[in-house]
Amino acid sequence: MCAIAAGARGRRVRVLDHANKVGKKILMSGGGRCNFTNTGTTPAQYLSANPHFCKSALARYTPADFIAMVEAHRIAWHEKELGQLFCDDSAKQIVRMLLDETAAVGAGVHTHCSIETVERLDGGGFRLRTGLGTIECASLVVATGGLSIPSMGASGFGYALARQFGHAVLATRAGLVPLTLSGKHQARLQDLSGVAFEVEARCNGAGFRNRMLVTHRGISGPAILQVSSYWQPGDDLRLDLLPDRDIPSWLAVQQRERGATELRTVLSEALPRRFAQRLCEVWLPSRPLRQYTPAQLQQVADTLQSWPLVASGTEGYRTAEVTLGGVDTHELSSSTMMSRRVPGLYFIGEVVDVTGWLGGYNFQWAWASGHAAGEVA
Ligand SMILES: Cc1cc2nc3c(=O)[nH]c(=O)nc-3n(C[C@H](O)[C@H](O)[C@H](O)COP(=O)(O)OP(=O)(O)OC[C@H]3O[C@@H](n4cnc5c(N)ncnc54)[C@H](O)[C@@H]3O)c2cc1C
């Protein structure tokens with residue numbers, strides 16, 4: 001995206017990538033259909049130590065701008081849910097579109113290109129020693145992404161480069177990632193692997209209403225991936241297991257109308273049966289509803305509304321969709337992405353400490369920050 005915007009201004013551009021092909025994460029995204037943007041994008045869906053940083057770039061290159069490019073290339077798309085836009089056919093179309101646009105402005109794309117060293121020239125500009133030989137340039141844009149999925153070409157090179165030029169890099173960790181359980185917490189759920197249902201997952205002030213899935217090693221599903229970006233070991237993580245209901249009133253009605261029915265039976269009608277059984281084995285001793293005092297019924301409601309989940313860690317970069325943290329935005333211009341320390345040096349996309357929610361927000365940040373840099377680099 002940066003190459004397209006810079007090339008359109010008449011700049012001579014070369015894109016260097018050490019992978020054997022470009023856009024691998026685009027190809028694997030959205031189950032092969034690429035969730036390329038989200039129509040509801042606002043700065044509120046991004047995590048950063050500097051929440052204002054993303055505003056300018058997002059305002060100047062919007063989901064509508066990207067949709068216009070998609071439509072100009074006659075790529076059919078649809079909204080899945082919650083403003084998430086996907087290709088009808090294949091993520092390959094998005095990579096093809098970007099490569100066609102890049103070629104149209106005369107920018108060169110070089111894969112299999114390792115970058116060995118980068119030095120700053122006295123009179124301004126940079127010299128790169130690469131697998132393709134020495135390259136000199138006036139502007140250098142670092143778009144090396146985060147650490148997730150190392151097998152797809154992810155590397156910490158962008159962070160190392162930032163440090164080389166005196167930039168602070170905020171601690172990185174895996175985001176949008178399944179959580180793992182251990183010990184008794186894992187033992188209690190392990191055999192329920194495959195059970196999925198709608199919850200609201202809450203942690204550190206953030207709450208996400210979506211599906212959760214029990215896995216062999218822990219929990220996953222969109223609600224958990226979303227909340228994982230807000231969670232760190234030791235943090236309190238709670239699930240509302242019946243987010244559609246006013247649970248105290250619902251339980252009161254059940255008690256009034258079906259006093260002889262066991263709690264287990266009632267919960268099995270509202271939750272997957274196996275999960276409801278396990279809840280009653282471990283957290284909520286089951287007996288006929290009429291035997292609960294109002295205070296005890298309130299306790300049941302509290303547990304269902306705010307079920308504590310003790311996670312031990314995450315599945316890490318191997319499966320994470322994004323990397324939280326990264327190049328500190330305080331030393332970058334929010335309108336151009338240029339370094340305040342080194343003129344001509346830019347950082348865009350995921351390598352920067354801006355991380356979106358699940359749902360197309362991370363690509364929208366990549367497009368928007370790339371476009372912002374491409375307008376000036
Ligand atoms: C499985 C998966 C699914 C995803 N699905 C979605 C989705 O549907 N929607 C969404 O919005 N986001 C999704 N994301 C997140 C999204 O892919 C990233 O946020 C986005 O690709 C970041 O763009 P980027 O250009 O900054 O980095 P990347 O897309 O990671 O690109 C970085 C490039 O730099 C190259 N590179 C790295 N190190 C070096 C080096 N040392 N030398 C040379 N080249 C190097 C890499 O080969 C790569 O081509 C998904 C991520 C994953 C892992």
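Residues numbered from 1 in each chain as written. Predicted model: local features only at pLDDT ≥ 70, side-chain atom pairs only at ≥ 80, totals over all residues.

### Section: the overall build of the chain
Going by this rule: We count a stretch as a helix when DSSP gives it H or I for four or more residues in a row; a strand needs E for two or more, and each element gets its number in order from the N terminus. Exposure criterion: with C-beta atoms placed from backbone coordinates, a residue whose C-beta has 20 or more other C-beta atoms within 10 Å is buried, one with 12 or fewer is exposed, and one in between is partly exposed. Remark: residues whose backbone-derived C-beta atoms lie within 7 Å of one another are considered to be in contact.
Helix and strand counts for the chain stand at 13 helices and 21 strands. Taking all 377 residues of the chain together, 39% fall into the buried category. For the chain, the proportion of contacts with a sequence separation of at least 24, taken over those separated by at least 6, is 71%.

### Remarks on the site of the ligand
Our working rule: By convention here, the C-beta atom is placed from the backbone, and a residue is near a molecule or strand when that atom is within 6 Å of it. When residue character is reported, Ala, Val, Leu, Ile, Met, Phe, Trp, Tyr, Cys and Pro are called nonpolar, Asp, Glu, Lys and Arg charged, and the others, Gly included, polar.
Taken together, 31 residues are adjacent to the ligand, and Ser29, Gly145, Gly153, Phe157 and Gly349 come closest. If you list the elements that add at least two residues to the shell around the ligand, you get helix 2 (24–28) and helix 13 (361–374). Counting residues per element, the shell around the ligand draws most heavily on helix 13, which supplies four residues. Residues that form the shell around the ligand fall into these classes: 14 nonpolar, 12 polar and five charged.

### With respect to the UniProt feature "domain: RsdA/BaiN/AoA(So)-like Rossmann fold-like" (unreviewed entry) in the chain
Basically, it comes down to this: UniProt positions are given in the numbering used here, feature names are shortened, and annotations may be inferred rather than shown by experiment.
Mapped onto the present numbering, the UniProt feature "domain: RsdA/BaiN/AoA(So)-like Rossmann fold-like" (unreviewed entry) falls on residues 1–375. Each end of residues 1–375 is marked by a C-alpha atom, and these two atoms are 10 Å apart; helix forms 31% of the span and strand 23%.

### Details of the domain arrangement of the chain
Put simply, the test is: Reported domain spans reflect what an automatic or database domain assignment gives.
You can read the domains of the chain as domain 1 (2–174 + 324–374) and domain 2 (179–314). Summarising the inter-unit geometry, the C-alpha centres of domain 1 and domain 2 are found 39 Å apart. In this complex, domain 1 contributes six residues to the contact, which on the side of domain 2 involves five residues. Here the residues of the side of domain 1 that touches domain 2 sort into five nonpolar, one polar and no charged.

### Some words on the environment of Gly259
The residue Gly259 is located in the loop between helix 9 (247–257) and helix 10 (263–270) in this model. As a C-alpha pair, Gly259 and Gln298 span 39 residues in sequence and 16 Å in three-dimensional space. Ignoring sequence-local partners within four residues, the contact set of Gly259 consists of Pro288, Leu289 and Arg290.

### A closer look at the packing of helix 10 against helix 11 (residues 273–282)
Filter applied, for reference: Fitted lines through C-alpha atoms give the axes, limited to the stretch in contact for helices. The angle between two N-to-C directions lies from 0 to 180 degrees. Crossing handedness follows the turn of the near helix against the far one: under a right angle anticlockwise gives a left-handed crossing, and clockwise gives a right-handed one.
Where helix 10 meets helix 11, the axes come as close as 8 Å, and the angle between the chain directions of the two elements is 145°. Relative to helix 11, helix 10 is oriented so that their crossing is right-handed. Two secondary-structure elements touch here, helix 10 through Leu263, Arg264, Leu267 and Ser268 and helix 11 through Arg273, Ala276, Gln277, Leu279 and Cys280. Each residue belonging to the contact of helix 10 with helix 11 can be placed in one class, and the counts come to five nonpolar, two polar and two charged.

### Observations concerning the nonpolar core
Test applied: Residues enter a nonpolar core if they are buried, belong to Ala, Val, Leu, Ile, Met, Phe, Trp, Tyr or Cys, and are joined to the set through C-beta atoms within 7 Å.
Counting 96 residues, the largest nonpolar core has Cys2, Val141, Ala201, Tyr346, Phe347 and Ile348 as the members making the most contacts within it. The element contributing the most residues to this core is helix 13, with eight residues. Those residues in contact with Phe347, other than ones at most four positions away along the chain, are Val142, Gly158, Ala162, Val327, Leu332, Met337 and Val352.

### Here's the deal with the sheet that holds strand 2 (residues 35–38)
Basically, it comes down to this: A pair of strands is considered paired only if DSSP assigns at least 2 bridges between the two.
Ordered by their spatial adjacency, three strands build an open sheet running 2-5-4, and the pairing between neighbours is antiparallel. A single partner strand is all that each edge strand has here, and the edge strands are strand 2 and strand 4 (77–79). Sheet twist, expressed as the mean angle between neighbouring strand axes with direction ignored, is 30°. In the sheet, strand 4 pairs with strand 5 (residues 84–87) via three bridges, with the strands oriented antiparallel. Bridging from a neighbouring strand, Glu79 pairs with Leu85 of strand 5. Across the sheet, helix 4 (residues 63–72) lies against strand 2 and strand 4, angled at about 140° from strand 2, the strand it touches most.

### What about the pairing of strand 19 (residues 322–327)?
Most of strand 19 sits inside the fold, with six of its six residues counted as buried. Sheet topology note: the strand 11 (residues 169–175)/strand 19 ladder contains five bridges and is antiparallel. Paired with Leu170 across the bridge in strand 19 is Gly326.

### Examining the sheet that holds strand 14 (residues 206–214)
Overall, antiparallel pairing links the seven strands, which are arranged 17-16-13-14-15-12-18 in an open sheet. In the strand order of this sheet, the two ends are held by strand 17 (307–308) and strand 18 (313–314), each with one partner. As judged from the four bridges shared by strand 13 (residues 196–203) and strand 16 (residues 237–240), these two strands associate in the antiparallel manner. Residue Glu200 lies in a different strand from strand 16, and its bridge partner there is Asp240.

### Details of the packing of helix 9 against helix 12 (residues 294–305)
Put simply, the test is: When an angle is under 35 degrees it counts as roughly parallel; over 145 it counts as roughly antiparallel; between 65 and 115 it counts as roughly perpendicular; any other value is oblique.
It is at 9 Å that the axes of helix 9 and helix 12 come closest, and there the two elements cross at 135°. Taken together, helix 9 and helix 12 sit at an angle that is classed as oblique. Read as a crossing pair, helix 9 and helix 12 show a hand that is right-handed. Across the interface between the two elements, Ile247, Pro248, Leu251, Ala252 and Gln255 of helix 9 pack against Leu297, Gln298, Val300, Ala301, Leu304 and Gln305 of helix 12. When its residues are assigned to classes, the contact of helix 9 with helix 12 shows eight nonpolar, three polar and no charged.

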